[in-house]
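Chain and residue survey
Spelled out, the chains give:
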Amino acid sequence: MTIFSYFIPCAVRHPSTIHLRLPKLSVPLFSSTSRMTQLLPYPAFKNGIHLHATCSIICRSSFSTHFSQPTLQAKKAHSFLHKTRRFPRFSTRAFDTESDEKLSAKTIEGEEEIVELVDDNGSSSRIDDEYPSGEFVYREYDLLGRFAVKLKMLVAWPWQRVKKGSVLTMNIRGEISDQLKSRFSSGLSLPQISENFIKAAYDPRISGIYLHIEPLNCGWGKVEEIRRHILDFKKSGKFILGYVPACGEKEYYIGSACEELYAPPSAYFQLYGLTVQASFLGGVLENIGIEPQVQRIGKYKSAGDQLTRKNISDENREMLTALLDNIYGNWVEKIAHVKGKKKEEIENFINEGVYEIERLKEDGWITDIKYDDEVISLLKERLEIPSDKKLPTVDYRKYCRVKKWTLGLTGSRNQIAIIRASGSISRVRGRLSTSSSGIVAEQFIEKIRTVRESKKYKAVVLRIDSPGGDALASDLMWREIKLLASSKPVIASMADVAASGGYYMAMAAQTIVAENLTLTGSIGVVTGKFNLERLYERIGFNKEIISRGRYAELTAAEQRPFRADEAELFAKSAQSAYRSFRDKAASSRSMKVDKMEEVAQGRVWTGNDAASRGLVDAIGGLSRAVAIAKQKANIPLDEQVTLVELTRPSTSLPEFLSGFGSSVAEADKAIREIVQIMTSYDGIQARMDGIMLEQPDGASHASIIFTMIKNYLRSL
């Protein structure tokens, strides 16, 4: 267990209410046939999507539904265009929280306001107004605070020291995990990226940030969190520049938040619009003699369609069309607001298929055309560093070693536990799994019980980034979270996705916080088996089973289809699991079962849509979840707290090497078991549509099979 101390700067909104009349909107639905995994990573769905809030909760005083700009600036940022090297002054209340009374007495440019939504029937709903916002408030250190920080820097370890005037450089690209990373792990960690932004804002040795933004392989929830931290960092008055050699919608969404954005002359810009793909294996499986026998409960729970259908259903097409329209409209609207242009201008630009970098500069999409070395030269000029001297920089990994206590950002008796749950859900640890291979129920439950028995934690924030998985494992964890919530406040914070089994976990918390673009809901189940009768006939394989008991061969006989009575029992079992899921969701959210049924049925919602339907309580990131946890634990909002990260990978090199060796040794066994895997029974799955076939962490057996099939087809 490693303790991280944070000041969570936040402010409590207490603005006036604005009444907006909104037309009834059809809400987009997700289905499995959309290959939801292609909506999240960059390679599979290159252009990415921005989920549109059809009923936006928060808007600005200008009555725009945008929510991308900084909402609170306690200190006017000085322009980076000035060539003077200036560092912000500090106060002892660096990460502070302001009360309702203080904020209501202030008039701050750009402050967000709560919207009361009024539909055509005249009914209204107010969301978010009862919770603290958790917004970042920058505070300068006073003389004593600055002296304390300098003193701590003097006694810091050598590897935690940074040269004064350094520029923090970070490469934002590829996969971004919601878990903390060890020094032996590759890839980026969202918690560590976020912490680096906070530390850099208050570090007198850091003059600014230079971001390299390249193709991303993460969801919109993490993209939103990164963008929020960029906007928060700008409140410190320090500069932040972006550099985009290859840019799609997600990359530009982050880059547009920077003060200046540069690109090389040969940069790849692909702002051509958005697409949604639906892929089907029904024809492939039919040709090779495999018949999937799938039970999916919920009319929108279309995970089985990928296995059984050869084309998209009318319902799925309608859902995807509505979803894409909302996503595209929201992206255009948000960029139009950032660039100070009309939506029609943005749409016309996209429809022109512009790829010339010169045109992007002319139309204001980027600041200038420069190579990386030219941007570095520009930085040296502005920081008044001689051209023959090297620009002092500190990279992401080295800066992760800088402890927050050296900056005076730690030290509180009140502790809040952070438990992270990322990846696919399984009940027990698999043969080839590692400590980061998804959510293992038995390990997670042990952690929950430890926190419940401890008296040192005032509250718990459960951070979820999971599409779901095993239904039994989800239910067992739900029970333990429910017991924990009966003894202390538990707040669920959703990242990219917390759907199906991921939502099952979250609904046990007292309050659920999601990002605008989080994919959540998907209250439904799917299960099934493969009938390999035709395949066995083709290859000359035979299998006979001797059994006792009417249903003994229910999941063991893959060489034949279900009998009528077996199919009936199989369907009833899935229906029972669905009813249990739905009824517990209704109870947890204080809704009638009939009302929950309307928003269940396996339907996936965006965070905003889920909030307007009672599935989510508040919109925001981890900082807002912590602010709500403080409120629930009766901790003053202006008081600092210590966040204790209870979920960390092993930092032991021997364990890392041992785990790698074990995986290699087991690989041949796994290969020999492929046939057995094909015929095994995974149990009922509470999994988000489209995820079942492609799970990098804790993949199901079916995923392994069809990933192999997919890779084979790509090689043809």
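Predicted model, so just to flag it, every value in this text is computed and none were measured.

Let's talk about the packing of aromatic side chains
- Using the criterion set out here, one finds 11 aromatic pairs in the structure.
- Geometrically, the ring pair formed by F349 and W365 is stacked, given 4.6 Å between the ring centres and 20° between the ring planes. Taken together, the positions of F349 in helix α9 (residues 343-351) and W365 in the loop between α10 (357-362) and β16 (368-369) put the pair 16 residues apart, joining distant regions of the chain.
- The exposure class assigned to W365 is buried, which follows from its relative accessible area of 2%.
- Here the aromatic cluster, defined as three or more aromatic residues joined through ring pairs, consists of F136, Y138 and Y202.
- Over the ring of Y253 we find R227; its NZ or CZ atom is 4.6 Å from the centre of that ring.

Describing the packing of helix α8 (residues 314-339) against α9
- Two numbers describe how α8 lies on α9: the axes approach to 8 Å, and their chain directions differ by 115°. The pairing of α8 with α9 is recorded here as roughly perpendicular in orientation. Considering the relative orientation of α8 and α9, their crossing is right-handed. Along the contact surface, α8 presents Y328, W331, V332, E333, I335 and A336, while α9 presents K343, I346, E347, I350 and N351.
- Considering only residue class, the contact of α8 with α9 consists of seven nonpolar, one polar and three charged.

Things to note about the environment of D305
- Mapped onto the elements, D305 comes out in helix α7 (residues 305-308).
- A relative accessible area of 6% means that D305 is categorised as buried.
- Here the side chain of D305 touches R296 through a polar contact of 3.3 Å, side chain to side chain.

As for the pairing of strand β24 (residues 511-514)
- What you see with β24 is no split at all: T511 and V513 on one side and I512 and A514 on the other are buried throughout.
- Sheet topology note: the strand β23 (residues 490-499)/β24 ladder contains three bridges and is parallel. The partner of A492 across the bridge, within β24, is I512.
- The parallel pair β23 and β24, bridged by helix α15 (residues 501-506), forms a crossover whose chirality is right-handed.
- Judged from the two bridges that link them, β24 and strand β28 (residues 618-619) form a sheet pairing that is parallel. Opposite A514, over in β28, you have I619 as the bridge partner.

With respect to the side chain of K222
- Here K222 is to be found in helix α4 (residues 220-234).
- What makes K222 buried here is its relative accessible area of 4%.
- Within the structure, the side chain of K222 is placed 2.6 Å from the side chain of D496, a separation counted as a polar contact.
- Among residues more than four places away in sequence, those in contact with K222 are I176, S177, D178, L190, D465 and D496.

Re a nonpolar patch on the surface
- Taken together, L144, F147, L151 and L154 make up a surface patch of nonpolar side chains, about 470 Å² in accessible area.
- Within the secondary structure layout, F147 lies in helix α2 (residues 143-154).
- The exposure class of F147 is exposed, given its relative accessible area of 56%.

A few points about unusual backbone geometry
- At S590, a position not held by glycine, the phi torsion is positive, near 55°.
- Its place among the elements puts S590 in the loop between α17 (564-588) and α18 (593-599).
- Exposure remark for S590: the relative accessible area of 70% places this residue in the exposed category.
- The phi torsion at N634 lies on the positive side, around 60°, for a residue other than glycine.
- Within the secondary structure, N634 sits in the loop between α20 (622-632) and β29 (642-645).

Brief notes about the pairing of β29
- Here β29 shows two buried faces, one formed by T642 and V644 and the other by L643 and E645.
- Inspection of the sheet shows strand β18 (residues 415-422) paired to β29 by four bridges, in the parallel sense. Within β29, the position partnered with I418 by the bridge is E645.

Focus on helix α14 (residues 471-485)
- Helix length check: α14, at 15 residues, gives a terminal C-alpha distance of 21 Å against a target of 21 Å (1.5 Å per residue), a fit within 8%.
- Those residues of α14 that fall on the buried side of the exposure criterion are A471, A473, S474, M477, W478, E480, I481, L484 and A485.
- Sitting at the amino-terminal end of α14 is D470, which places a side-chain oxygen 3.1 Å from the backbone nitrogen of L472.

Examining the packing of helix α13 (residues 441-453) against α14
- The interhelical angle for the contact between α13 and α14, taken along N-to-C directions, is 5°, at an axis separation of 10 Å. Taken as axis vectors, α13 and α14 run roughly parallel relative to one another. Touching A441, F444, I445, I448, R449, V451 and R452 of α13 are A473, L476, M477, E480, I481, L483 and L484, all from α14.

A short note on the pattern of salt bridges
- All told, the structure shown has 32 salt bridges when counted by the stated rule.
- Between E480 and R449 there is a salt bridge; the shortest N-O distance is 2.9 Å. In this pair, E480 is assigned in helix α14 and R449 in helix α13, connecting sequence segments 31 residues apart.
- Here R582 and D583 are joined by a salt bridge, their closest N and O atoms 3.0 Å apart.
- Under the relative-accessibility criterion, D583 is labelled partly exposed at 32%.
- By sharing partners, the salt bridges in this structure join R550, E553, R560, R563, D565 and E566 into a single network.

Remarks on the nonpolar core
- Membership of the largest hydrophobic core comes to 62 residues, with the highest contact counts inside it found for L211 and F269.
- Counting residues per element, this core draws most heavily on helix α3 (residues 190-202), at seven residues.
- Residues within four places of F269 in sequence aside, it is in contact with V244, C247, Y252, A263, V354, I357, L360 and I366.
- Within the second largest apolar cluster, 53 residues are counted, among which are A417, A441, W478 and Y503.

Brief notes about α17
- Its 25 residues place the ends of α17 36 Å apart at the C-alpha level, agreeing with the 36 Å of an ideal helix rising 1.5 Å per residue.
- Every buried residue belonging to α17 is among D565, E566, F570, A571, A574, Y578, F581, R582, A585, A586 and S588, and all of these are buried.
- Where α17 ends, the next residue or the one after it, S590, has phi of about 55°, a positive value.

Observations concerning the confidence of the model for the protein chain
- For the protein chain, mean pLDDT is 75; residues scoring 70 or higher make up 71% of the total.
- Across residues 1-126 the pLDDT falls below 50, and counting only partners more than four positions away or on other chains, this stretch makes 425 contacts in the model.

Quick word on the environment of G273
- On the secondary structure map, G273 appears in the loop between β14 (268-269) and α6 (282-288).
- Along the backbone, G273 and N351 are 78 residues apart, and their C-alpha atoms lie at a distance of 7.8 Å.

Here we look at the environment of E515
- Here E515 is to be found in the loop between β24 and β25 (519-521).
- Taking the C-alpha atoms as reference points, E515 and V497, separated by 18 residues in sequence, lie 9.3 Å from one another.
- Discounting residues that sit within four places of it in the chain, E515 has contacts with G221, E224, E225, R228, M494, A495, G607, N608, I619, G620 and G621.
- In this structure the side chain of E515 is engaged in a polar contact, spanning 2.7 Å, whose partner is the side chain of R228.

About the cut-offs
Residues numbered from 1 in each chain as written. Predicted model: local features only at pLDDT ≥ 70, side-chain atom pairs only at ≥ 80, totals over all residues. Heavy atoms only, no water. Phe/Tyr/Trp six-rings, centres within 6.5 Å; stacked < 30°, edge-to-face > 60°. Helix = DSSP H or I, 4+ residues; strand = E, 2+ residues; numbered from the N terminus. Buried < 20%, exposed > 50% of the residue type's maximum accessible area, 1.4 Å probe, protein only. Lys NZ or Arg CZ within 6 Å of the ring centre and 35° of its normal. Axes fitted to C-alpha atoms, helices over the stretch in contact; angles between N-to-C directions. Parallel < 35°, antiparallel > 145°, perpendicular 65-115°, else oblique. Left-handed = near helix turned anticlockwise from the far one by under 90°. Contact = heavy atoms within 4.5 Å. Nonpolar A, V, L, I, M, F, W, Y, C, P; charged D, E, K, R; others polar. Polar contact = N/O pair within 3.5 Å; in protein donor to acceptor, adjacent residues only side chain to side chain. Pairing = 2+ DSSP bridges. Right-handed = clockwise from strand over helix to strand, strands pointing away. Patch = residues over 30% accessible without salt bridge, like charges linked within 9 Å, V, L, I, M, F, W, Y side chains within 5 Å. Areas by Shrake-Rupley, 256 points an atom, 1.4 Å probe, with all protein chains shown as cover. Salt bridge = Lys/Arg side-chain N within 4 Å of Asp/Glu carboxyl O. Expected span 1.5 Å × (residues − 1). Core = buried A, V, L, I, M, F, W, Y, C linked by side-chain atoms within 4.5 Å. pLDDT = per-residue confidence, 0-100.

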